[in-house]
Amino acid sequence: MSVSPDKRLTMLSFRFGNIDWEKATAKQYELLKDERIWRAFLNGYSKNGFVIFDEDALPREELLEALKELEPEIVGEERIAVKELVESSYSWNNILGSMES
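This one's a predicted model, so the numbers in the text were calculated from it and none came from an experiment.

Engineer: What is the right way to look at unusual backbone geometry in this model?
Structural biologist: Residues apart from glycine generally show negative phi values, whereas peptide bonds are mostly found in trans. Even without being glycine, Lys47 reaches a positive phi, approximately 60 degrees. The residue Lys47 is located in the loop between strand 2 (37–43) and strand 3 (48–53) in this model. Overall, Lys47 belongs to the partly exposed group, its relative accessible area being 35%. One non-glycine residue, Glu71, adopts positive backbone phi at about 55 degrees. By secondary structure assignment, the location of Glu71 is in the loop between helix 2 (60–67) and strand 4 (72–81).

Engineer: What am I meant to see in the pattern of salt bridges here?
Structural biologist: If charged atoms from side chains of opposite charge come close, those side chains can pair. Scanning the entire structure with this criterion turns up twelve salt bridges. Put simply, Glu73 and Arg15 hold a salt bridge, and the shortest N to O gap is 3.6 Å. Of this pair, Glu73 sits in strand 4 while Arg15 sits in strand 1 (residues 8–16), and the two are 58 residues apart along the sequence. In this structure Glu73 comes out as partly exposed when scored by relative accessible area, which is 42%. For the salt bridge of Glu77 with Arg60, the shortest nitrogen-to-oxygen distance reads 2.8 Å. Here Glu77 is found in strand 4, whereas its partner Arg60 is found in helix 2, with 17 residues between them in sequence. The buried category is assigned to Arg60, whose relative accessible area is 17%. A single salt-bridge network, built from bridges that share partners, covers Lys7, Asp54 and Asp56.

Engineer: What is the right way to read the environment of Met11 from this model?
Structural biologist: In this fold, Met11 is placed in strand 1. When its relative accessible area of 18% is taken as the criterion, Met11 is described as buried. Note: C-alpha distance between Met11 and Phe53 (42 residues apart in sequence) is 6.6 Å. Setting aside chain neighbours within four positions, we find Met11 in contact with Phe50, Val51, Ile52, Gly76, Glu77 and Glu78.

Engineer: What am I meant to see in helix 2 here?
Structural biologist: Quick reminder: α-helices carry 3.6 residues per turn. Residues three or four places apart thus point the same way. Listed as buried for helix 2 are Arg60, Leu63 and Leu67. Buried residues of helix 2 fall within an arc of 65 degrees about the axis and therefore sit on the same side. Exposed residues pointing more than 90 degrees away from the buried face of helix 2 are listed as Glu61 and Glu65. Buried residues in helix 2 make contact with strand 1, helix 1 (21–32), strand 2, strand 3 and strand 4.

Scoring rules and cut-offs
- Residues numbered from 1 in each chain as written.
- Predicted model: local features only at pLDDT ≥ 70, side-chain atom pairs only at ≥ 80, totals over all residues.
- Heavy atoms only, no water.
- Helix = DSSP H or I, 4+ residues; strand = E, 2+ residues; numbered from the N terminus.
- Buried < 20%, exposed > 50% of the residue type's maximum accessible area, 1.4 Å probe, protein only.
- Salt bridge = Lys/Arg side-chain N within 4 Å of Asp/Glu carboxyl O.
- Contact = heavy atoms within 4.5 Å.
- Arc of directions from axis to C-beta.

Here it is, written out as structure tokens:
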């Protein structure tokens, strides 16, 4: 399977009303098993997180239904290209960013 580097993904940032570290860990694992979700990070301590997913393949309503028990509130939304997501994941970006500081 190949994906165009210009394909646009949706990134939703959340604040959660009913979450702890155990729920966050379990739900993050469950989300990441779905091939339509590219990245997920749920923080049970700060009660926030984000999910990057292919909205063409996974309707937003289905994602929100999966998160329902955590009482999610969308606090941010962004469109990101696959190319940008991959480039931001390179470890050398972290090294270069710390060198410039």
